[in-house]
Amino acid sequence: MIKELTTNISEKPFVECIKILRDSHIWKFASDYLEWNIDKPNMGMHSDKVTPELLPYVNLFGDLIFQQHKFKSIKRVIWNYYDRDSSCDFHKDFPEENNLTTAIINLNNSDGGTEIKLSNDNLIFLPSIINKIYLFDSKLDHRGMGPKKYYNRFSLAFVLNN
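What you see is a predicted model; the values in this text were computed from it and never measured. (Residues numbered from 1 in each chain as written. Predicted model: local features only at pLDDT ≥ 70, side-chain atom pairs only at ≥ 80, totals over all residues. Heavy atoms only, no water.)

As for the overall build of the chain
For step 1, the next point in the chain: Scanning the chain from N- to C-terminus turns up two helices and 10 strands.
For step 2, the next point in the chain: Written out in order from the N terminus, the α and β elements of the chain read β-α-β-β-α-β-β-β-β-β-β-β.
For step 3, the next point in the chain: The C-alpha radius of gyration computed for the chain amounts to 15 Å, which stays within 12% of the reference 15 Å derived for 162 residues, consistent with globular compactness.
For step 4, the next point in the chain: Dimensions of the chain, computed from C-alpha atoms along their principal axes, come out at roughly 40 × 35 × 25 Å.
For step 5, the next point in the chain: Per-residue burial over the chain gives 46% buried out of 162 residues.
For step 6, the next point in the chain: Long-range pairs, those at least 24 residues apart, make up 78% of the contacts in the chain between residues at least 6 apart in sequence.
For step 7, the next point in the chain: When the 20 basic and 21 acidic side-chain charges of the chain are each reduced to a single mean position, those positions are 4 Å apart. (Helix = DSSP H or I, 4+ residues; strand = E, 2+ residues; numbered from the N terminus. Rg over C-alpha atoms; globule rule 2.2 N^0.38 Å. Buried < 20%, exposed > 50% of the residue type's maximum accessible area, 1.4 Å probe, protein only. Contact = heavy atoms within 4.5 Å. Lys, Arg positive; Asp, Glu negative; His and termini not counted. Charge placed at Lys NZ, Arg CZ, Asp CG, Glu CD.)

Below, the structure is given as structure tokens:
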């Protein structure tokens, strides 16, 4: 099951967060849990680092989730960046574990988003829209999608213990 939450905070913290991410040195090439090599396409960049400058944004965005749903704790936080050339593989977050939920918070509007593959192989596209939070079972195959018309897409993914 996929849930969509809507928040009503201003765009200011999203813009501020992207400025910090843009200037940070925390990024590494994304590999979606698969072995990366030079012959694979660009899968974007990601980081699991929460610097002191980014911590207020993790707290703010995390609070938006915890205000609307009761989770036990946060297992992982990961920042994602995609550009027009990003092409990601489907993956599951912690496939060996049960009772986890993935939450995607888009930090900017773009025509990119998250694609989820359901058990019947149907695909659902969740667009990158500020103030939308998408929650889904972490065992669902999913992938980040880079934008096609916009230049880039930033998101924050939480994996949460139910």
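Some points on the sheet that holds strand 4 (residues 73–83)
For step 1, the next point in the chain: One open sheet accounts for seven strands, arranged 1-8-5-10-4-3-2; its pairing is antiparallel. On the outer flanks of this sheet lie strand 1 (2–6) and strand 2 (28–29), each paired with one strand and no other.
For step 2, the next point in the chain: Across 10 bridges, strand 4 lies against strand 10 (residues 152–161) in antiparallel orientation. Counted as the bridge partner of I74 is L160 from strand 10.
For step 3, the next point in the chain: Each of strand 1, strand 4, strand 5 (100–106), strand 8 (132–137) and strand 10 touches helix 2 (residues 55–68); the most contacted strand, strand 10, lies at about 55 degrees to it. (Pairing = 2+ DSSP bridges. Axes fitted to C-alpha atoms, helices over the stretch in contact; angles between N-to-C directions.)

Topic: the sheet that holds strand 7 (residues 123–127)
For step 1, the next point in the chain: As summarised here, the arrangement of the three strands in space is 7-6-9, forming an open sheet in which the pairing is antiparallel. Single-partner strands in this sheet number two, and they are strand 7 and strand 9 (141–145). In this sheet, neighbouring strand axes are inclined to one another by 20 degrees on average, regardless of whether the strands run parallel or antiparallel.
For step 2, the next point in the chain: Relative to strand 7, strand 6 (residues 113–117) runs antiparallel, the two being bridged by five bridges. Paired with E115 across the strands is F125, a residue of strand 7.

A word on the packing of aromatic side chains
For step 1, the next point in the chain: Going through the model one piece at a time under the given rule, you end up with six aromatic pairs.
For step 2, the next point in the chain: Grouping aromatic residues by their ring pairs yields a cluster made of F14, Y57 and F61.
For step 3, the next point in the chain: Directly above the ring of F94 sits K75, whose terminal nitrogen or CZ lies 4.8 Å from the centroid.
For step 4, the next point in the chain: One Lys or Arg, K117, reaches over the ring of F90 and ends 4.5 Å from the middle of that ring. (Phe/Tyr/Trp six-rings, centres within 6.5 Å; stacked < 30°, edge-to-face > 60°. Lys NZ or Arg CZ within 6 Å of the ring centre and 35° of its normal.)

Re the nonpolar core
The tendency in soluble globular proteins is for nonpolar side chains to be buried as a group.
For step 1, the next point in the chain: Grouped together as the largest cluster of nonpolar side chains are 25 residues, with contacts concentrated most on F61, I65, W79, I105, L107 and F158.
For step 2, the next point in the chain: Counting residues per element, the ones that place at least two in this core are helix 1 (12–22), helix 2, strand 4, strand 5, strand 8 and strand 10.
For step 3, the next point in the chain: Considering every element that reaches this core, the biggest residue donor is helix 2, with five residues.
For step 4, the next point in the chain: Excluding its chain neighbours within four sequence positions, the residues that come into contact with L107 are F14, C17, I18, L21, F61, W79, I130, F154, S155 and L156.
For step 5, the next point in the chain: If you look at the next biggest cluster of nonpolar residues, it comprises eight residues, including I78, I104, Y134 and F136. (Core = buried A, V, L, I, M, F, W, Y, C linked by side-chain atoms within 4.5 Å.)

A closer look at the environment of D89
For step 1, the next point in the chain: Locating D89 in the fold gives a position in the loop between strand 4 and strand 5.
For step 2, the next point in the chain: For the pair D89 and M145, spaced 56 residues apart in sequence, the C-alpha to C-alpha distance is 9.4 Å.

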